Amino acid sequence: MTAVTGPDVTEAAVTGPDVLDLWEQSVREHAEGPALVTPHRVLTYRDADRLTDAWAAFLAGRGAGPGELVGLAFGDPARTVLGMLAALKAGAGFTVLDDRLPPAARTALVARTAAAVWLGDGAHAPEGAHVPADEPGAEATEPARPVRRAGGSDVAYVLFTSGSTGRPKGTVIERDALRRFAVAVADRLELTAHDRWLQVASLGFDVLIEEVFPAFAAGAAVVCREDTRALDAEELHITLARTRTTVVELSTQYWLEYARWLDGSGTATPETLRTVVVGGERMDPVPYRRWQARQPAALAHVYGLTECTVSSTFYTGLLPADAEEVPLGTALRDVEISIRQDGRPVPEGGTGEIHIGGPLLARGFLDDEEATARRFVPDPYAARPDARVYRTGDLGRIGPDGQLVFLGRVDDQVKIRGHRLEPARVERALCEGGGVGQAVVFPDPETGTVLWAFTVPADPATAPLPGEAVRLTGADRDALVAPLEAQLPDWAVPRVLYRVAVLPKNPHGKVDKRRLATWAAAASAGSDASAAPAAAGTPAPVAVPDAEGTGQEPLGTVLALFREVLDAPALGPDDNFFDHGGQSLLALRLLARLRESQPAAAGLRASALFTAPTPRLLADALAGRAVAQP
């Protein structure tokens, strides 16, 4: 795997600073302090060091070393963290297989990484994956760690992001970049050994790196949950309080759900929580100011990309009353931010593409020299002759106060639920089925959390009238969505699909997404009108049954909440939540709204929607809970 093997490492490079030096310092200074907190046990730094030494020896004995990767496929976040450390101790890098990927995508990534060893016990683990012991072993009082032979330019990890070529891009991060990043974030957030960082990001998502290594660099604890299931806002709040978490990182939309829940319940953030790191999507100043006025926990707004070792800038100030955007902040140590137009720096305060430089840049993309050369370009304005910058594709400017401000995208790349996505990848997949001639995909204009797809049928005879959008349901919708679910992660699958006769263009020759959204609104209004009381002489629509006298909230109320959350006025009592744009964040919102009016919804997890995905089924489930409650 030539893309993972870096340049020849000199003896001086091997003996130079390494990311493991940060871990070893914390082991020396905080040996009895908590390193990893799980629901079942607490591993001190000494415990975790001994255990990962044993794992590292196991890995080295099976070929893991510099220039190689160790694959991790655990369903347990704590074991994933231990595996990352063990791989680095063996001199190797690591990659984490996301358990939400469909089987075909998992198989492809396993083949591309060509890992020397796989560790894992999850259902998504590749065949032959090893399950290491949770204890070092009674026969070895001091497990022998392999002699470190890795240098700063050796691979630390490879994580995958969506790519426009039809396959995910593997980003190769080196050990020195990871070391510098961990120190920079720990310094910016003023982490100490008394901090506890709750791990909530999906495994395989680069935020996992930010949740783990800065904490270890500071001698702090990483708090892991039992599994990777999404927590709704109330569950998150309870977990933060129970674990005495001091720092947590949430995607923008997840944070908004938590903020809404706090406001609605009149609750403040837990006393121990001091900082909430938020990032991933553009931030509205209104909820940001509201939080800063009401909540004791401080906010840190972050910006970064996988290709630049997670976050590059942090904003931790109080947002001015007249600010129209929440700044992205100022650069971390070892990060260089510049604004350029056509590769040249713009005048002070000017708008252009955000470029990121410095030693935190990735080596490039796994086995993709063309994409690497296109995005990681030489920097003719740097003092170092070999310096590079990464072209982010984001528009921005640097204000007079030195704060970076995000202003949009140069291209059509979007962020959906914290993940970057090239819509072209999804659009091509829609057209591969044969029944679609053209397609355009973009986030819904209202919340930005659900992907919309507008398709033009290959057979013009099946197209609606020009200027109309017909929402696809039932078998028509399933025929398009099913192939996507087999090859794309859940967040990349459009949940609301329309059929149109043509994709309208704006004066610049680009697809007019605003007009498409208008057509969709008209289609929704038309459906709503058709569901209204019928005129004289027309059969009345079927009434929604009311469960009176059973202690059950009327089905009509549950149906109304489905319609509100999904913005689907014509939704019926037997329509499936997930067939109409439902996804994890909207499920959290629906459960929060249900708890406001129905005591039986208390403690109900968002996962209940998988077994009761329609208003009728969920109302029945709530009725059963109401009867069971004393």
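The structure under discussion appears in the preceding block.
Below or above, wherever it landed, is the structure these notes cover. Because the structure is predicted, anything quoted here is derived from the model rather than measured. (Residues numbered from 1 in each chain as written. Predicted model: local features only at pLDDT ≥ 70, side-chain atom pairs only at ≥ 80, totals over all residues. Heavy atoms only, no water.)

A complete count under the given rule lists two cavities of 30 Å³ or more for this structure. The volume enclosed by the largest cavity comes to roughly 70 Å³. Forming the boundary of the largest cavity are Val19, Leu20, Leu22, Trp23, Leu85, Leu88, Ala182, Phe213, Phe216 and Ala217. Among the elements of the structure, helix H2 (19-29), helix H4 (77-89) and helix H7 (207-217) are those that each provide at least two residues to the lining of the largest cavity. Sort the elements by how many residues they give to the lining of the largest cavity and H2 lands first, with four residues. Residue composition of the lining of the largest cavity, grouped by class: ten nonpolar, no polar and no charged. (1 Å grid on protein atoms, 1.4 Å probe; cavity = no way out; pocket = protein on both sides within 12 Å on 5 of 7 lines; lining within 4 Å. Points joined across faces, edges and corners; volume = space filled by probe spheres on them. Helix = DSSP H or I, 4+ residues; strand = E, 2+ residues; numbered from the N terminus. Nonpolar A, V, L, I, M, F, W, Y, C, P; charged D, E, K, R; others polar.)

We now examine the packing of helix H6 (residues 175-188) against H7. Contact pair H6 / H7: the axes reach a minimum separation of 8 Å and the direction vectors enclose 75°. Judged by the angle between their axes, H6 and H7 are roughly perpendicular. Each of Leu178, Phe181, Ala182, Val185 and Ala186 in H6 lies in contact with H7, whose residues at this interface are Ile209, Glu210, Phe213, Pro214 and Ala217. (Axes fitted to C-alpha atoms, helices over the stretch in contact; angles between N-to-C directions. Parallel < 35°, antiparallel > 145°, perpendicular 65-115°, else oblique. Contact = heavy atoms within 4.5 Å.)

As a further point, take the pattern of salt bridges. Going through the model one piece at a time under the given rule, you end up with 26 salt bridges. Here arginine 179 makes a salt bridge to aspartate 176, at a shortest N to O gap of 2.8 Å. Of the two residues, arginine 179 and aspartate 176 both sit in helix H6, three residues apart, roughly one turn of that helix. An identical accessibility class is assigned to arginine 179 and aspartate 176; each is buried. Two residues, arginine 515 and aspartate 512, come together in a salt bridge whose shortest N-O distance is 3.7 Å. Residue aspartate 512 is classed as buried on the basis of its relative accessible area, which comes to 17%. Beyond isolated ion pairs, a larger network of salt bridges with shared partners links Asp176, Arg179, Arg180 and Asp334. (Salt bridge = Lys/Arg side-chain N within 4 Å of Asp/Glu carboxyl O. Buried < 20%, exposed > 50% of the residue type's maximum accessible area, 1.4 Å probe, protein only.)

Below, the discussion takes up the packing of H2 against H7. Following both chains from N to C, one finds H2 and H7 inclined at 55°, their axes separated by 8 Å at the closest point. When the axis of H2 is compared with that of H7, the two are oblique. When H2 is examined against H7, the residues Val19, Leu22, Trp23 and Ser26 are found in contact with a partner set consisting of Phe213, Phe216 and Ala217. Considered class by class, the residues forming the contact of H2 with H7 number six nonpolar, one polar and no charged.

The terminal C-alpha atoms of H4 lie 19 Å apart, and with 13 residues this matches the ideal 18 Å at 1.5 Å per residue to within 8%. With 13 of 13 residues buried, H4 is to be regarded as a mostly interior element. By the N-cap criterion, in which a side-chain oxygen at the helix start approaches the backbone nitrogen of a residue two or three places on, H4 is capped by aspartate 76, the distance to alanine 78 being 3.0 Å. Backbone geometry just downstream of H4 places glycine 91 in the positive-phi region, at approximately 90°. (Expected span 1.5 Å × (residues − 1). Polar contact = N/O pair within 3.5 Å; in protein donor to acceptor, adjacent residues only side chain to side chain.)

Let us now look at the packing of aromatic side chains. Aromatic ring pairs are reported here in terms of the distance separating the ring centres and the angle at which the planes meet. Evaluation of the coordinates by the stated rule reveals 19 aromatic pairs. Relative to tyrosine 288, the ring of tryptophan 255 lies with its centre 6.3 Å away and its plane at 55°, an arrangement referred to as tilted. Of this pair, tryptophan 255 sits in helix H9 (residues 252-265) while tyrosine 288 sits in helix H10 (residues 285-294), and the two are 33 residues apart along the sequence. There is no split in this pair, since tryptophan 255 and tyrosine 288 are both buried. Pairing phenylalanine 376 with tyrosine 390 gives two aromatic rings, centres 4.8 Å apart and planes at 55°, and the pair type is tilted. You can see phenylalanine 376 sitting in strand E19 (residues 376-378) and its partner tyrosine 390 sitting in strand E20 (residues 388-398), a full 14 residues away along the chain. A relative accessible area of 0% means that tyrosine 390 is categorised as buried. Pairwise contacts between aromatic rings join Trp255, Tyr258, Trp261, Tyr288 and Trp291 into one cluster. (Phe/Tyr/Trp six-rings, centres within 6.5 Å; stacked < 30°, edge-to-face > 60°.)

Along the chain, glycine 433 falls in the loop between helix H12 (423-431) and strand E24 (436-443). Note: C-alpha distance between glycine 433 and proline 483 (50 residues apart in sequence) is 8.0 Å.

Nothing here speaks to function; it is geometry throughout.
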